[in-house]
Amino acid sequence: MIQLEPPLRVASEADARELADLVNFAGEGLPLYIWEGLAKDGQDPWELGRARQIEKVREGQIVVVDFGDGAVASLTGYPIGSEPTPIGDDFPALFRPLQELENKALESWYVNVLACYPDYRGQGLGSRLLNLAEQIAREEALRRMSVIVANSNVGARRLYERHGYEVAATLPCVKDGWETDTEHWVLLIKSLRPVEGR
């Protein structure tokens, strides 16, 4: 396990509110749209989002940046296996292009969420978390990184391309009622050099 130096730490359940905010930033508002669709009568969709983040925290999937007043940036990711996820006729249309792109990134470490509160942007936190993601990938003997971004998210795409990620594929965004400027999802992939001695 990689040792985390402050301000990096593993997320805790107490971070749920910030994590829901951050995942919604990273997802261009799509997470909130999904939570609204899943919320039962009278249920706060944000509550649902926070509960989802707590599940991921329990799986140990999230690292946050915390300068002492709570999480201000987060990284969530996981390794994609060697077999594509089946996409049946009942697969939700909204997620189909995202899963199709993920299936093109087999045997990579997938950056699922990389987000930062607006007040903390421009301080190198995204780069720091991306470097950590690459360390994790190497620890898990993976040879490449992957991420999917909205074509409209110019800032995120610029960050990844600065770190050596290249466009591997694009697919049209299926909006399915979601109000967004996103027209395409873009899969970016970066090859990792093997660590000496491995």
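Residues numbered from 1 in each chain as written. Predicted model: local features only at pLDDT ≥ 70, side-chain atom pairs only at ≥ 80, totals over all residues. Heavy atoms only, no water.

What about the environment of Ile148?
Of note, Ile148 is situated in strand β5 (residues 144–150). Expressed as a C-alpha distance, the spacing of Ile148 and Val111, which sit 37 residues apart in the sequence, is 7.9 Å. Contacts of Ile148, omitting those with residues within four sequence positions, involve Leu98, Leu101, Glu102, Tyr110, Trp185, Val186 and Leu187. (Helix = DSSP H or I, 4+ residues; strand = E, 2+ residues; numbered from the N terminus. Contact = heavy atoms within 4.5 Å.)

Focus on the nonpolar core
Judged by nonpolar contacts, the single largest core of 38 residues is most densely connected at Trp109, Val111 and Tyr160. Counting residues per element, this core draws most heavily on helix α5 (residues 125–139), at seven residues. Formed by 17 residues, the second largest nonpolar core is a distinct cluster that contains Ala150, Leu171, Leu187 and Ile189. (Core = buried A, V, L, I, M, F, W, Y, C linked by side-chain atoms within 4.5 Å. Buried < 20%, exposed > 50% of the residue type's maximum accessible area, 1.4 Å probe, protein only.)

With respect to the pairing of strand β7 (residues 184–191)
Remember that side chains alternate between the two faces of the sheet whenever the strand is regular. Burial of β7 is extensive: six of the eight residues sit out of reach of the surface. Two strands pair when backbone bridges link them, and β5 and β7 are joined in this way by seven bridges, in the antiparallel orientation. Of the residues in β7, the one forming a bridge with Ile148 is Leu187. Two elements, strand β6 (residues 166–172) and β7, share six bridges in a ladder whose sense is antiparallel. Across the sheet, residue Ala169 finds its bridge partner in β7, namely Leu187. (Pairing = 2+ DSSP bridges.)

Structural notes on the pairing of strand β4 (residues 109–116)
Among the eight residues in β4, seven count as buried, and that is most of the element. With seven bridges joining them, strand β3 (residues 71–79) and β4 adopt antiparallel strand pairing. Paired with Gly77 across the two strands is Val111, which belongs to β4. With three bridges connecting them, β4 and β5 associate as parallel partners. When the bridges of β5 are listed, Trp109 appears paired with Met145.

Regarding the packing of aromatic side chains
Centre-to-centre distance and the angle between the planes together describe a pair of aromatic rings. One pass over the structure, following the stated rule, counts six aromatic pairs. Relative to Tyr117, the ring of Phe25 has its centre 5.8 Å away and its plane inclined at 85 degrees; by these criteria the two rings are edge-to-face. You can see Phe25 sitting in helix α1 (residues 16–26) and its partner Tyr117 sitting in the loop between β4 and α5, a full 92 residues away along the chain. Ring centres of Trp35 and Trp46 lie 5.6 Å apart, and the angle between their planes is 65 degrees; on these two criteria the pair is classed as edge-to-face. With a gap of 11 residues between them, Trp35 in helix α2 (residues 30–38) and Trp46 in helix α3 (residues 45–58) connect regions that are remote in the sequence. A relative accessible area of 24% means that Trp46 is categorised as partly exposed. Taking the ring centre of Phe25 as reference, the NZ or CZ of Arg121 above it sits at 5.7 Å. (Phe/Tyr/Trp six-rings, centres within 6.5 Å; stacked < 30°, edge-to-face > 60°. Lys NZ or Arg CZ within 6 Å of the ring centre and 35° of its normal.)

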